[in-house]
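Architecture at a glance
So you can see what is in the structure, the chains are spelled out below.
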Amino acid sequence: MIQESLLYHKEHEWVRLDGSRATIGISDFAQEALGDIVYLEIPKLGTMLQYGDEVTEIESTKTTSMLYAPVGGKIVAVNEALEGRPELINQDVYGEGWVIVIEMNDPKEANTLMSGKEYASFLENETA
Amino acid sequence: MPEKLLFEKSVPGRRGVTFPTASLEGFSVDAVLPKKCQRESELTLPEISENELMRHYTRLSYESYGVDTGFYPLGSCTMKYNPKIHEDVARFPGFSEIHPLQPEESVQGALGLLYGLQNMLSEIAGMARVSLQPVAGAQGEMTGMLIARAYHLAQGRQRKHVIIPDSAHGTNPASAHLAGYTIKTVKSNREGIIDLEDLKQVVNQDTAALMLTNPNTLGLFERKIGEVVQVIHDAGALVYLDGANLNALLGLTRPGDMGFDIVHFNLHKTFSTPHGGGGPGAGPVGVVSHLTPYLPSPLIEKKGEHFFMDSNRPQSIGRVHSFYGNFGILLRAYTYIRRLGAEGLSAISRNTIINANYLKKQLEASYEIPMKRPCMHEFILSAKAFRDKGIHAWDIAKRLIDYGYYPPTVNFPLIVPESLMIEAPESEARETLDDFAKVLILIRKEIDESPEKLTQAPTTQKVGRMNEVLAARQLNVRYPA
């Protein structure tokens, strides 16, 4: 399931823009591939990130996968609820399963992200 | 019904052993152990009779599964049969009654054997020297990375990262990280081998080494290995072979001839020493001549007719284990190699390759096999096509348990979705492979006709499907909880 209103990063993160703020989570494709998520370390508030930086590792019963920063900036909010209930990512990937909010250094960076349509064809290519 | 825990069988006051009353006169615990180190509460050990204890463990032993009870197709683990003559040899008094602190003159036979094993492994891998110290594959990897580090530092350069393919074993990045390197990933191409163009993008003057498994975890020989090695060597970096899949290469080709600089061996895979819970491991490391000064210390050397532990190795990375590795295990590997000889070893690799391709062919019509090329000692099936039916790779694995098989490796390598990685060691007979293929084909029918048989599996065992999610989220290994 791809939400048209969101932007996507090639490492399978989604981004919801609100001015210079970007809410970030992993895509439905990513949570499906990971399977039941059992743990993730909640990133620290205030962390400065550059595009492509490793944010945190998400662990499932199958494997672990890195969450990368799809845009650069400062972490201004983290989803504390995931601490005890990482399954929120599986249950509501584009809603309650959000991971962090970044205050972007350069909102133009978001232009490099994919639209829902672009991400869909990217996935088709990747998994062909 | 599952076997009860010893704690659940415990009856207050019941004893398996009756100790005589202490006869030490005037002995006081307080005199030998400070108060703060003494327990305040009773030990909560199970209280049980000797025969109940024996029955408990004997019954558990019936429920265990191993290479001595059946086919064990666990990919990249080389679960081959361990000949029992190894156990006889390990029990010879000349081996079992010696001690590593004995004077060298009194253990010349044992040292000679280790020296022989060092040399045989060097010959098999095309390396200059081998250290037998590391006691696990992953420890061999870390030793290899520490050697790479020592080498670069000796050249007066600080290298920063290690390149690892996306199909690699998870231990590779862990080992390189422990040796102080960051990790860069190189992609596999559609053919399932290293993407040379991507490798050229990733490599630079900060590259310390490339860690590579060959054949890789897709069971494919890295047929561009010559070019891969060239790219890495041109950057002044080293090429490391993760020897997990060495079973496919014995006597057919040598890592040294392909240009690898460092190799680790898994004696518990390739050379048939007990595996996992069955015994300690052994992960010897071999290197080319210009890296020998950095091998762990001591190394076993020979002067005239005399064998000795050489600790005078100033550039060595130092010890990686107490004494000289797991002697009893090294002894079994030595026995294995000597019994087989050069021709026997190459027959091993030829036969495991034939076994894997034979099994793969039988499954082609029933399962998606992403890599069409002939495989080496193992191959990958993908269960991706069954996702729509709610069937995942692990459901197939669980159903195999119902049919009396240990499941293959699942969900690895990560680059193939829903993968089942099947290895068919040379010690398996054709009939065993036929039976296994029949069961997998039967399971394929079940996926179409009665998928619930898979999603509910295993149902024939004393224990059903575990709740892996709950176990991971709420880990509790203490009894009583």
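Residues numbered from 1 in each chain as written. Chains lettered and ligands numbered in written order. Predicted model: local features only at pLDDT ≥ 70, side-chain atom pairs only at ≥ 80, totals over all residues. Heavy atoms only, no water.

The subject of this paragraph is the pattern of salt bridges. Across all of its chains, the model carries 30 salt bridges over all chains by this definition. The closest approach of N and O atoms between Glu3 of chain B and Arg59 of chain B, which form a salt bridge, is 2.7 Å. One end of the pair, Glu3 of chain B, is in the segment before helix H1 (6-9); the other, Arg59 of chain B, is in helix H3 (residues 50-63), and 56 residues separate them in sequence. When its relative accessible area of 17% is taken as the criterion, Glu3 of chain B is described as buried. Judged by relative accessible area, which is 33%, Arg59 of chain B ranks as partly exposed. In this structure, the salt-bridge partner of Asp257 of chain B is Arg254 of chain B, at a minimum N-O distance of 3.0 Å. Of the residues examined, Arg254 of chain B reaches a relative accessible area of 26% and is grouped as partly exposed. Several salt bridges converge on common partners, so that one network encompasses Lys62 of chain A together with Arg387 and Glu418 of chain B. (Salt bridge = Lys/Arg side-chain N within 4 Å of Asp/Glu carboxyl O. Helix = DSSP H or I, 4+ residues; strand = E, 2+ residues; numbered from the N terminus. Buried < 20%, exposed > 50% of the residue type's maximum accessible area, 1.4 Å probe, protein only.)

Moving on: the domain arrangement of chain B. Residue and element names in this part refer to chain B. Assigned domains within chain B: domain 1 (1-17 + 44-58), domain 2 (86-340) and domain 3 (348-471). Distance between the C-alpha centres of domain 2 and domain 3: 31 Å. Contact residues are listed per partner, giving 26 residues for domain 2 and 20 residues for domain 3. Carbon and sulfur atoms make up 64% of the area that domain 2 and domain 3 hide from each other, which totals about 1,800 Å². The residue Arg373 makes a salt bridge to Glu191 at a minimum N-O spacing of 3.0 Å. (Domains from an automatic or database assignment. Contact = heavy atoms within 4.5 Å. Buried area = accessible area lost by both parts, 1.4 Å probe.)

What follows is about unusual backbone geometry. All names here are of chain B. With an omega of -5°, the peptide bond between Asn214 and Pro215 qualifies as cis. At Ser76, a position not held by glycine, the phi torsion is positive, near 65°. Among the secondary structure elements, Ser76 is positioned in the loop between H3 and helix H4 (85-90). The buried category is assigned to Ser76, whose relative accessible area is 4%. Phi is positive for Asn411, which is not a glycine, with a value near 55°. The residue Asn411 is located in the loop between strand S11 (409-410) and strand S12 (419-423) in this model. Judged by its relative accessible area of 9%, Asn411 is buried.

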